[in-house]
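Overview (structure and organization)
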Amino acid sequence: MEDKDILALLWNRVEQAISAMVERYGRRLHLTAANLLHDQQDAEECVSDTYMAVWDAIPPKRPNCLSAYVYRTGRNIALNKLRARTTQKRGGYELSLDELEGCIPAPCMENSMELGQALNQYLSTLNKDTRAIFLRRFWFGDSVKDIAKDFSMTESAISVRLNRAKAGLRSYLKKEGYHE
């Protein structure tokens, strides 16, 4: 079922929308939550919470891109659960964000909307595969190993692409007036 069809079901409050979302988005939602949380039970809870949050939000919201809305909602729910944890152990997602720390200067975080626009502009300059690799690592929290497997590349090749993309991001942000 297409996004527009699922959106219509949600808008008309037809319960079949939930099963349609499970079929269309469930695998990626679960993988993202599991990558962030490293706990299957928490990941399943986040996915269920995502479906309920989308159900509750539509209507009145009517997102232009339902898939992006669903994935962003799920990711935010998982990140909130991750932040709520009080353990000292650092997960893979926190480590993947640490990799970007050298690219994005701390003062930039004060105006995150502006930074988000700059990041989107930079990502649009990358080729399709490099952009997908970058997003898989830093948005979805996928491991380098999993990305390499899915792209039929070596882990080293993925790491090189990520390092080049991070260096490009650092240069782009400097050029745009962001200072380290």
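Structural notes, computed from the coordinates.

Each helix and strand in the chain was counted, giving nine helices and zero strands. Secondary structure of the chain in N-to-C order comes out as α-α-α-α-α-α-α-α-α. The 180 residues of the chain split such that 41% are buried. In the chain, 62% of the contacts between residues at least 6 apart in sequence involve partners at least 24 apart. A total of about 10,700 Å² of accessible surface is found on the chain, and carbon and sulfur atoms cover 50% of it.

With that settled, the discussion passes to the packing of aromatic side chains. A full pass over the atoms with the stated rule returns four aromatic pairs. Relative to F140, the ring of Y71 lies with its centre 6.3 Å away and its plane at 85°, an arrangement referred to as edge-to-face. Of this pair, Y71 sits in helix α4 (residues 66-84) while F140 sits in the loop between α7 (128-138) and α8 (144-151), and the two are 69 residues apart along the sequence. The exposure class assigned to F140 is buried, which follows from its relative accessible area of 15%. Between Y122 and Y172, the ring centres sit 5.7 Å apart and the planes meet at 45°, which makes this aromatic pair tilted. One end of the pair, Y122, is in helix α6 (residues 112-125); the other, Y172, is in helix α9 (residues 155-175), and 50 residues separate them in sequence.

Below, the discussion takes up the pattern of salt bridges. Pairing between side chains of opposite charge can happen when their charged atoms approach one another. Per the counting criterion, the structure on display carries six salt bridges. Put simply, D3 and R24 hold a salt bridge, and the shortest N to O gap is 2.8 Å. With D3 in helix α1 (residues 3-11) and R24 in helix α2 (residues 16-37), this residue pair connects regions lying 21 residues apart in the sequence. Linking D150 and R136 is a salt bridge whose minimum nitrogen-to-oxygen distance equals 2.7 Å.

Bringing α7 into the picture now. Listed in full, the buried residues belonging to α7 are T130, I133, F134, R136, R137 and F138. Its side-chain oxygen placed 3.1 Å from the backbone nitrogen of D129, N127 serves as the N-cap of α7.

Close contact between helix α3 (residues 40-57) and α4 brings their axes to 9 Å; oriented N to C, the two are set at 130°. Considering their axes alone, α3 and α4 lie oblique with respect to each other. Between α3 and α4 the crossing geometry is right-handed. The residues of α4 that touch α3, namely those facing D42, E45, C46, D49, T50, A53, V54 and A57, are Y69, V70, T73, G74, I77, A78 and K81. The class makeup of the residues in the contact of α3 with α4 is eight nonpolar, three polar and four charged.

For T73, the position within the fold is in helix α4. Not counting residues within four places of it along the chain, the set of residues in contact with T73 comprises T50, A53 and V54.

About the thresholds
- Residues numbered from 1 in each chain as written.
- Predicted model: local features only at pLDDT ≥ 70, side-chain atom pairs only at ≥ 80, totals over all residues.
- Heavy atoms only, no water.
- Helix = DSSP H or I, 4+ residues; strand = E, 2+ residues; numbered from the N terminus.
- Buried < 20%, exposed > 50% of the residue type's maximum accessible area, 1.4 Å probe, protein only.
- Contact = heavy atoms within 4.5 Å.
- Areas by Shrake-Rupley, 256 points an atom, 1.4 Å probe, with all protein chains shown as cover.
- Phe/Tyr/Trp six-rings, centres within 6.5 Å; stacked < 30°, edge-to-face > 60°.
- Salt bridge = Lys/Arg side-chain N within 4 Å of Asp/Glu carboxyl O.
- Polar contact = N/O pair within 3.5 Å; in protein donor to acceptor, adjacent residues only side chain to side chain.
- Axes fitted to C-alpha atoms, helices over the stretch in contact; angles between N-to-C directions.
- Parallel < 35°, antiparallel > 145°, perpendicular 65-115°, else oblique.
- Left-handed = near helix turned anticlockwise from the far one by under 90°.
- Nonpolar A, V, L, I, M, F, W, Y, C, P; charged D, E, K, R; others polar.

By themselves, these are just geometric observations and shouldn't be taken as functional.
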